[in-house]
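Chains, contacts and geometry: an overview
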Amino acid sequence: MSDSHTTSETEPESDDEYTSLAIEGELPLKAVGIENLKEANPKHMPPHRYIHPWFARRPTPAARLAILGSVMEEGTSADELLSLMQIGPDGLEENISEYVQERKTTEGQRDGTLGEWYGYPRPFTQSPTEDELADLHTSLRETWDGELPTVLDATAGGGVIPFESIRYDLPTIANELNPVPSVILKVMLEYAPEVGSLEDDLYKWRDRIQKKASEELDDLYPTKRDGREVLASACTYHIQCESCAGTVPLMPKWWLHKRSAGEGVAIKPHYENGDVSYECVELTENSNTDFDPSEGTVSRSDVECPHCGVITEYEETRELLKNGEFEYQIYGVKYDDPRGGSGYRAGDDLDQQALKRAEERIESDFELLTFLSEKVEVSSRITDPATYGMEEWRDIFNPRQLVSHYEYCNAFRECAEEIREEYDTREAEAILTILTISASKMIDRNSRMSPWDTGRGYPANMFMSHNYSFRRVFCDNNLVSETMGYEDTSRKVIDCYEELVEMAAGRDAAEVYCGDAADLTSKVGEGSVQAAVVDPPYYDSVMYAQLADGFYVLQKAYLSDVHPEFFTSELTNKSDEAVANTSRFEGLEGEKSKKQLAKEDYEEKMAEIFSELYQTLEPGGVLTIMFTHKETDAWDTLSMSLIEAGFTITATHPITSEMPNRVVMRGSQSADSTILLTGRKPLHEKEDTGGATLWDDVKSETRSEAKKAARELLDSGLSLTKTDTIIAAFGPTLRVFADNYPVVDKKGEEVPPRDALSAARDAVAEVLAERYLDTKGFDDLDGLTRWYVLSWLIYETDTMPYDEARQLGIGVGVNIDDVKRDTKIWGKSSGDVQLKTHSNRVQDIVRVENGEDVSSRKYPVNPTDERFSHGIDAVHSAIHVYETKGPEAAWEWLSDRGLKNDERFRTTVTALLEVLPQEHETAETLRDILSGRTGEYLDIDISNINLNVRGEDDEDNQAALNEFE
């Protein structure tokens, strides 16, 4: 089978039907997925990823595929698509996808760069040639009645979709509710193609701003030795011990730069007479010291006084911080070494005096006292800085950071009038906006929320995860310094802008709007758009507006008179934002939970957006949604919004788009693949027949389509996880549901899409079991055991999102909430479901046999029972007996209960061995039992199981396994 995959079901055209599009046919998904992952290298990302922080940007190849697939006619070959996307080496006109896949398969053999190995540069660096554009435009005019199709992105965010649209010289409209990304869109979509290069001018004014600000800040970054310029300071907090009144630093670890295990630069604290001082030490493998930098004063959020040993609990510490009962402390400094490179030293009185001077400057300057004084409005959903006393946005900075940001803003304002006088309005606007982005970007590594990266020995990004996490250790950059401050940040921003200029050269600018996506028709016109390609907010994954406020208040201080339309309110617009934010419904009383209210609010807003898109599209227009979410609630609300807006779902495609296990998304609800979900606006309004379809009639078709899609996906060779295979099958499921909408049960009550998605999840789980489980009789096991095994099979870990685990349980007839208390088969871990092992569930057999009381509530499985309700209980009990009383007792225990010949027990054992990681404790003990360590062998066929031994030196075990096989 080729790498192409489609789940569309388009029919032959008639005069009364719209033209089928490429995205409704087969697409070269594998090759594009490979390019998505190649682009994910942090050192070689597109310039729009570096110009300013923003969230959830999609890869360029995925965006290009969504755009081209949505405007080009079906029948466009994979080679033509890939060539237009700049994928494949020059001269290769056929079998491009196969070439890319072969290069990927052999990538481990390369000894040069990726570009050299693949024979072509990363696609985002290349724009289509003029000849390619001419041919494309000719073809598109034939498809779209003589006109080039207009592409609209109503929720443009970081701008990858509209920017790629203008690179193909298509009429483009971009809208974004939030002013922070709207500023980015102005730069990318208007200034880059329209104003063009500003490199010399930007550096000219950058240098003037730097000179003015540095004159005001030099005394805040002192150094004892000439030439050793402070680059960045590692900061923490000092609190006072309530018991001994000693000074307590809030330090989890003392590393400044940990190069390897036990080696690197650390700060060694010295405690004397209730005070603390610091010493910078270089540790090597041969260092003869009892100092362990990994042992700080903070453990599990509680703080131990280094003087008297008394513990200050987390809640108490938080109250001290909230009430301002602390002192900022610079404990480590990274400096520029005039001999080359950089070095480290401990913080000292000189640094503390500089902090004091900054405090005094704030208290004596009225403008500084009101600078960034907007109130913090951040929900607990993303960690509220106000919990730690940061009630105004100015409070997310220590005094020196606040003064630094203020002086750069002042220097900018002094230069702004000169810039307006020297340039025409559009150029001046562009220069001021780009320079503001430089200043705004500095916050990311220069705030109390910006952590110190001990692995690299310098400041890290504030938004390493999508929240305002409190940092006990944070970085304070010297913005005046050449390598870590304004000069370096602005250089990167200017370089990014110039790259964008080069990429957009000769193209028309896009129309950029900042406003509610549910109010677009009045701006763009009804029926004026041919293709809407959107990457909408992902339900509850990212609270965009709340995260943006820190940038917003600073940009407002710079740009309120440059872009007054963007900065009309004190903070960003949260009421119109389409996210499922439960915190907005805190304290409301009623029958509905805050989660349900948030879900309904998101659904209502998405429905309004899709209805508005429906109005902007011409009849037959296409809507393609890029959706990267795995929670059923998100898909439920998305599908209802689409259906209610009037769209007909015509195709879905899964495409690998994210690096697996990327740090920021671990434990999140985002999948590793993006689903391209396509709908069309009918040529004629649908007639309301008033009828409804019975769910019983739809359910079987839903399951059939889901199974068919899953098998096609598994056979396609796409790099999808088992979880993403389930998500990818949602598309055909939703199409079936939408075609039969409204759907009702036997009582006449409306059935929501989530019921169809649950049926699809169950059906795909069956396919995955068929494909990956060779254990015979698995379907005959009890529901709880099947749920446990399937969870390990699909997620390949003991932890999974609660909603997915619950839906999987429904599929096998188990309500995981109902069984949690009685079985202890799972517990909660940070809101997720964590599967439990025998050690968490089985009573101590020795204590039970001795007549001691053992909590059956805490340990519900009694190993002395003769019969077990669930196969997993019997297996967990057997493992417990083996580990507690030894092999012979375990064999006797199995014999007494007839388990060695019990089909259900043997099936559970083999199924577990198929799905558990080989190093898992349960798998290790089961291998011991099967290898004959009990003295005899269980009568189990394990020819389909890879039984690797536990230890490299366990030759006897290996021999026994070989004999048994």
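Keep in mind it's a predicted model, so treat the numbers as computed, not measured.

Looking now at the sheet that holds strand β2 (residues 172-176). If you walk across this open sheet you meet the 7 strands as β16-β2-β1-β17-β18-β20-β19, and the pairing is mixed. A strand with exactly one partner marks an edge of an open sheet, and here the two such strands are β16 (511-514) and β19 (648-656). Strand-to-strand, the axes of this sheet are offset by a mean angle of 15°, without reference to chain direction. With 4 bridges connecting them, β2 and β16 associate as parallel partners. Each bridged residue has a counterpart across the sheet, and for N175 the counterpart in β16 is Y513.

Once that is clear, we can look at the nonpolar core. With 273 residues, the main nonpolar core has Y408, Y497, F610, L623, W635 and W787 as its most contacted residues. Residue contacts for Y408: discarding those within four places in its chain leaves I209, Q210, A213, L217, M442, L479, V480, Y486 and Y558. Core analysis: the next-biggest nonpolar cluster, separate from the first, contains 20 residues, W254, V276, Y331 and V473 among them.

Axis separation between helix α20 (residues 632-645) and helix α24 (residues 753-772) bottoms out at 8 Å; the angle between their running directions is 130°. Judged on the interaxial angle alone, α24 and α20 are oblique. Between α20 and α24 lies a crossing whose hand is right-handed. On the side of α20, the interface is formed by T632, D633, W635, D636, S639 and M640, while α24 contributes P753, R754, L757 and R761. Residues of the contact of α20 with α24, tallied by class, amount to 4 nonpolar, 2 polar and 4 charged.

The final tally for this structure, using the stated rule, is 48 salt bridges. Connected via shared salt-bridge partners are K186, E190, E194, R426 and E429.

As paired elements, strand β5 (residues 255-260) and strand β6 (residues 263-272) share 4 bridges and run antiparallel to each other. When the bridges of β6 are listed, K258 appears paired with G264. Between β5 and β6, which pair antiparallel and follow one another directly, the connecting turn spans 2 residues, one of which, G262, has a positive phi of 75°.

This next bit is on unusual backbone geometry. Omega for the bond connecting Y741 with P742 falls within 30 degrees of zero, at 0°, which places this linkage in the cis form. The backbone of D145 shows a phi angle near 55°, a positive value even though the residue is not glycine. Along the polypeptide, D145 turns up in the loop between α7 (130-143) and β1 (151-153). The backbone of R300 shows a phi angle near 55°, a positive value even though the residue is not glycine. Take R300: it is sitting in the loop between β8 (298-299) and β9 (302-304). The exposed category is assigned to R300, whose relative accessible area is 83%.

With that out of the way, let us pick up the sheet that holds strand β23 (residues 799-800). Read across the sheet, 3 strands follow the order β23-β25-β24 without closing on themselves; strand pairing throughout is antiparallel. The open sheet has two free edges, formed respectively by β23 and β24 (826-829), since each of these has just one partner strand. Here 2 bridges tie β23 to strand β25 (residues 832-835), and the two strands are oriented antiparallel to one another. Within β25, the position partnered with T799 by the bridge is Q834. Strand contacts of helix α25 (residues 783-795): β23, β24 and β25, with the helix running at about 110° to β25, the strand carrying the most contacts. Strand contacts of helix α27 (residues 816-823): β24 and β25, with the helix running at about 105° to β24, the strand carrying the most contacts.

What follows covers the environment of V846. Within the fold, V846 resides in helix α29 (residues 845-849). The exposure class of V846 is partly exposed, given its relative accessible area of 34%. In sequence terms V846 and V32 are 814 residues apart; their C-alpha atoms lie 59 Å from each other. Ignoring sequence-local partners within four residues, the contact set of V846 consists of T884 and K885.

Calculation criteria
- Within each chain, residues carry numbers counting from 1 in the order of the written sequence.
- Note on the predicted model: pLDDT of at least 70 is required for a residue's local features to be given, and 80 or more for side-chain atom pairs to be given and counted; whole-chain, interface and lining totals, by contrast, use all residues.
- Values shown for side chains rest on all heavy atoms present in the structure; no hydrogens or waters enter the calculation.
- Here a strand pair is declared whenever DSSP counts at least two bridges between the two strands.
- Secondary structure is summarised from DSSP: a helix means a run of H or I of at least four residues, a strand means a run of E of at least two, and numbering begins at the N terminus for each.
- Think of each axis as a best-fit line through the C-alpha atoms, taken over the contacting stretch in the case of a helix, with angles from 0 to 180 degrees between the N-to-C directions.
- Among buried residues, the Ala, Val, Leu, Ile, Met, Phe, Trp, Tyr and Cys ones that are joined through side-chain atoms within 4.5 Å form a nonpolar core.
- To sort residues, take the accessible area from a 1.4 Å probe on protein chains only and compare it with the maximum for the residue type: under 20% means buried, over 50% means exposed, and anything in between is partly exposed.
- Contact between two residues is taken to exist if any of their heavy atoms lie within 4.5 Å; hydrogens are not considered.
- Working rule for angles: under 35 degrees goes down as roughly parallel, over 145 as roughly antiparallel, 65 to 115 as roughly perpendicular, anything else as oblique.
- By definition, turning the near helix anticlockwise from the far helix through less than a right angle yields a left-handed crossing, and turning it clockwise yields a right-handed one.
- Think of it as three bins: nonpolar holds Ala, Val, Leu, Ile, Met, Phe, Trp, Tyr, Cys and Pro, charged holds Asp, Glu, Lys and Arg, and polar takes everything else, Gly as well.
- Just to be clear on terms, a salt bridge is a Lys or Arg side-chain nitrogen sitting within 4 Å of an Asp or Glu carboxyl oxygen.

Interpretation note: all reported values are geometric properties and have no functional meaning in isolation.
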